[in-house]
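Single-letter residue listing:
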Amino acid sequence: VYHDLVRYLLMVRQQTKEPRVDSELIYAYAKVDRLGDIEEFILMPNVANLQNVGDRLFDEALYEAAKIIYAFISNWAKLAVTLVRLKQFQGAVDAARKANSAKTWKEVCFACVDAEEFRLAQICGLNVIIQVDDMEEVSQYYQNRGCFNEIISLMESGLGLERAHMGIFTELGVLYARYRYEKLMEHIKLFSTRLNIPKLIRACDEQQHWKELTYLYIQYDEFDNAAATVMNHSPEAWDHMQFKDVVAKVANVELYYKAVHFYLQEHPDLINDMLNVLALRLDHTRVVDIMRKAGSLPLVKPYMIAVQSNNVSSVNEALNEIYVEEEDYDRLRESIDLHDNFDQIGLAQKIEKHELLEMRRVAAYIYKKAGRWKQAIALSKKDKHYKDAMETCSQSGDRELAEELLVYFIEEGKKECFAACLFVCYDVIRPDVALELAWMNNMIDFAFPYLLQFIREYTGKVDELIKDKIETQNEVKAKEQEEKEVKAQQNMYAQLLPLALPAPPMPGGGPQPVMGGFVPPPPSPMGGIGGMPPMPPFGMPPMGTY
């Protein structure tokens, strides 16, 4: 009977001032819905414990009365919650703004979502998602209630906040991956530096967005995973230019060969372009084996031509095999000349019975390069390529082979070839053999050019020898004449020199003058005249002989 209780408490209040009396009076007013009296009472002097009263009223769902109390004591957080209970969401948002508490914002936000007041919920949400820990809870709350577009709108608005953090960008990417796939790639490209890439990678993998997943792997420098994703989900993820860049950076070598198989099966028209990117990293022999097993060796012909400069045996043999199949004898001969690391005899044996004449010529050419002169000559004679046979004999330097070829031409009645062979193999054939064969077979006329050349050559050699001998003799004579002239000149100098004069007379013992000259003094103990060493009869010592 709260009406009687109100009268009683008013009477008691006149006698005493106690917090319990004032608090119970406010509660009693609320129970009888006398909200105006509550407002008047709290404006008057009182000693009621308003916080406790407000909480008691809130707990008993007397929200109107609690709202009055909370508003009066400026408890904005409780006021916001109270207003939510009263479905006064705009007031709740205003109160939450004054409270400025993450917990209050969150409660009001969730209430607005439940009430489908998404505009107000977004206002609250923007103040919640700036906290990393609360952001995921808000996102999950929206998603659990199927409000996908609304949470995406909230996160998009959050990108422009001053306190926007990596979590907002990442969560928006996850939401795009789940509910708005068409915007995912654009978002990743715009904000790749502000994303938590591992988290978004997991989301894309779960949602099977392979193209976006590949892009994220590339941004995260996980090129092996990127390449594997492209090859495993090529209908969505494959892009030729992108894949070329990725496969060139992978660390796992096996992925190179997996890429070869992938292109062979799905994009054979682009396989050479991809192989050229990996040319420096691939084992060319292994690539050739893969293509050979698949029966697609001609498909990678451009690639093999590009790497043939490495002179790898398997590549050379594969290309030669292709040239034989294509009957491209010019390219085959060029390949044989420039790249010799292959089974030469095996190739020659393979094509020596080829139906194409030029191919058989190449076989003879290979035998010649390998030093198998007899086989090369036999093959050339069989195909009546006598010029090749002659050149082979000349290069071999084998006198016996050359003379056997002459005999062959005589037996076949090839007089012109006999004459040509004498010219081509000039340095190898012995003149006496050539003349004997020509004379015995009535072919002197055809040997005559050779004979003239031989005589001219040997005449020239003899002339050179005679010339050298005459020059040598002239040099010897000139040297002897020069020596004679030098000796005569030395003798003439010796005759023109004046006689040596005697020494002046010494006191007490000088030379005595006599008729016709001077008598030398007796020799001194020193062995000379006046102590001087003895002099020769002439003034100069004798000249040495030459």
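Residues numbered from 1 in each chain as written. Predicted model: local features only at pLDDT ≥ 70, side-chain atom pairs only at ≥ 80, totals over all residues. Heavy atoms only, no water.

A.B. asks: Tell me about the packing of helix α8 (residues 102-114) against helix α9 (residues 118-128), and please be specific about residues and values.
C.D. replies: Contact pair α8 / α9: the axes reach a minimum separation of 8 Å and the direction vectors enclose 155°. Judged by the angle between their axes, α8 and α9 are roughly antiparallel. By crossing handedness, the relation of α8 to α9 is classed as left-handed. Contacts between α8 and α9 involve Ala-102, Trp-105, Lys-106, Val-108, Cys-109, Cys-112 and Val-113 from the former and Phe-118, Leu-120, Ala-121, Ile-123, Cys-124, Gly-125, Asn-127 and Val-128 from the latter. (Axes fitted to C-alpha atoms, helices over the stretch in contact; angles between N-to-C directions. Helix = DSSP H or I, 4+ residues; strand = E, 2+ residues; numbered from the N terminus. Parallel < 35°, antiparallel > 145°, perpendicular 65-115°, else oblique. Left-handed = near helix turned anticlockwise from the far one by under 90°. Contact = heavy atoms within 4.5 Å.)

A.B. asks: Give a detailed account of the pattern of salt bridges, specifying residues and quantitative values.
C.D. replies: Close approach of charged atoms allows side chains of opposite charge to pair. Within this structure, the stated rule accounts for 17 salt bridges. Between Lys-106 and Glu-137 there is a salt bridge, and its shortest N-O distance comes to 3.0 Å. Placement of the pair is Lys-106 in helix α8 and Glu-137 in helix α10 (residues 132-144), with a sequence separation of 31 residues. A single network of salt bridges, built from pairs that share partners, joins Lys-106, Asp-134 and Glu-137. (Salt bridge = Lys/Arg side-chain N within 4 Å of Asp/Glu carboxyl O.)

A.B. asks: Give me the nonpolar core: which residues, what numbers.
C.D. replies: When a protein is soluble and globular, its nonpolar side chains tend to lie buried together. Within the largest apolar cluster, 125 residues are counted, with the highest numbers of intra-cluster contacts made by Val-108, Tyr-142, Leu-275, Met-291, Tyr-303, Met-304 and Leu-332. Element by element, the count of residues in this core is highest for helix α19 (residues 254-266), at 8 residues. With residues up to four places along the chain from it excluded, the contact list for Val-108 reads Ala-80, Val-84, Ala-92, Val-93, Ala-96 and Cys-124. In this structure, Leu-406, Phe-418, Val-433 and Leu-437 belong to the second largest nonpolar core, which totals 28 residues. (Core = buried A, V, L, I, M, F, W, Y, C linked by side-chain atoms within 4.5 Å. Buried < 20%, exposed > 50% of the residue type's maximum accessible area, 1.4 Å probe, protein only.)

A.B. asks: Talk me through the environment of Glu-403; I want residue IDs and the actual numbers.
C.D. replies: With respect to the helices and strands, the residue Glu-403 is situated in helix α29 (residues 399-412). We classify Glu-403 as buried; its relative accessible area is 11%. Beyond its immediate chain neighbours, meaning those up to four positions away, Glu-403 contacts Arg-430 and Val-433.

A.B. asks: Quick one: what's the story with empty space enclosed by the protein, residue by residue and with numbers?
C.D. replies: For the structure on display, the rule yields 1 cavity of 30 Å³ or more. Considering only enclosed or pocket space, the largest cavity measures out at about 30 Å³ in volume. Looking at the largest cavity, the residues that line it are Arg-360, Arg-361, Ala-364, Leu-379, Ser-380, Asp-383, His-385 and Asp-388. Listing elements by their share of the lining of the largest cavity, those giving two or more residues are α26 (357-369) and α27 (373-382). (1 Å grid on protein atoms, 1.4 Å probe; cavity = no way out; pocket = protein on both sides within 12 Å on 5 of 7 lines; lining within 4 Å. Points joined across faces, edges and corners; volume = space filled by probe spheres on them.)

A.B. asks: I'd love a proper account of a negative patch on the surface, names of residues and values included.
C.D. replies: Side chains of Asp-463, Glu-464, Asp-468, Glu-471 and Glu-475 sit close together on the surface and give a patch of like negative charge. On the secondary structure map, Glu-475 appears in helix α32 (residues 444-496). What makes Glu-475 exposed here is its relative accessible area of 56%. (Patch = residues over 30% accessible without salt bridge, like charges linked within 9 Å, V, L, I, M, F, W, Y side chains within 5 Å. Areas by Shrake-Rupley, 256 points an atom, 1.4 Å probe, with all protein chains shown as cover. Lys, Arg positive; Asp, Glu negative; His and termini not counted. Charge placed at Lys NZ, Arg CZ, Asp CG, Glu CD.)

A.B. asks: Tell me about the state of the cysteines, and name the residues and values.
C.D. replies: For the structure on display, the rule yields 0 disulfides. Unpaired in this structure, Cys-417 has its nearest cysteine sulfur neighbour in Cys-421, at a distance of 8.7 Å. (Disulfide = S-S within 2.5 Å.)

A.B. asks: Just give me the short version of the confidence of the model for the protein chain, but keep the residues and values in it.
C.D. replies: In this model, the protein chain carries an average pLDDT of 83, and 87% of its residues clear a pLDDT of 70 or more. Considering only residues more than four positions removed or in separate chains, one finds that residues 523-546, a stretch of pLDDT under 50, has 17 contacts. (pLDDT = per-residue confidence, 0-100.)

A.B. asks: Let's hear about the environment of Gly-346: which residues, and what values?
C.D. replies: Position of Gly-346 relative to the elements: it lies in helix α25 (residues 344-351). Overall, the relative accessible area of 25% leaves Gly-346 in the partly exposed class. In this structure the C-alpha to C-alpha distance between Gly-346 and Ile-366, which are 20 residues apart in sequence, comes to 9.9 Å.

A.B. asks: Provide a residue-level description of unusual backbone geometry, including the pertinent values.
C.D. replies: In this structure, Asn-100 takes a positive phi of about 50° despite not being glycine. The phi dihedral of Asn-311 falls on the positive side, at around 55°, and the residue is not glycine. Note that Asn-311 resides in the loop between α22 (301-307) and α23 (313-326). Assessed through its relative accessible area of 24%, Asn-311 is described here as partly exposed.

A.B. asks: Describe α29, and please don't skip the residues or the numbers.
C.D. replies: Counting along an α-helix, one turn takes 3.6 residues, and residues three or four places apart therefore face a common direction. Taking 1.5 Å of rise per residue, 14 residues should cover 20 Å, and α29 covers 20 Å from first to last C-alpha, within 8% of that figure. Turning to α29, the residues buried within the fold contact α27, α28 (386-396), α30 (415-424) and α31 (431-440). The backbone nitrogen of Glu-400 has a side-chain oxygen 3.0 Å away, supplied by the residue at the start of α29, namely Asp-398. Trailing α29 by a residue or two, Gly-413 shows a phi angle of about 75°, which is positive. (Expected span 1.5 Å × (residues − 1). Polar contact = N/O pair within 3.5 Å; in protein donor to acceptor, adjacent residues only side chain to side chain.)

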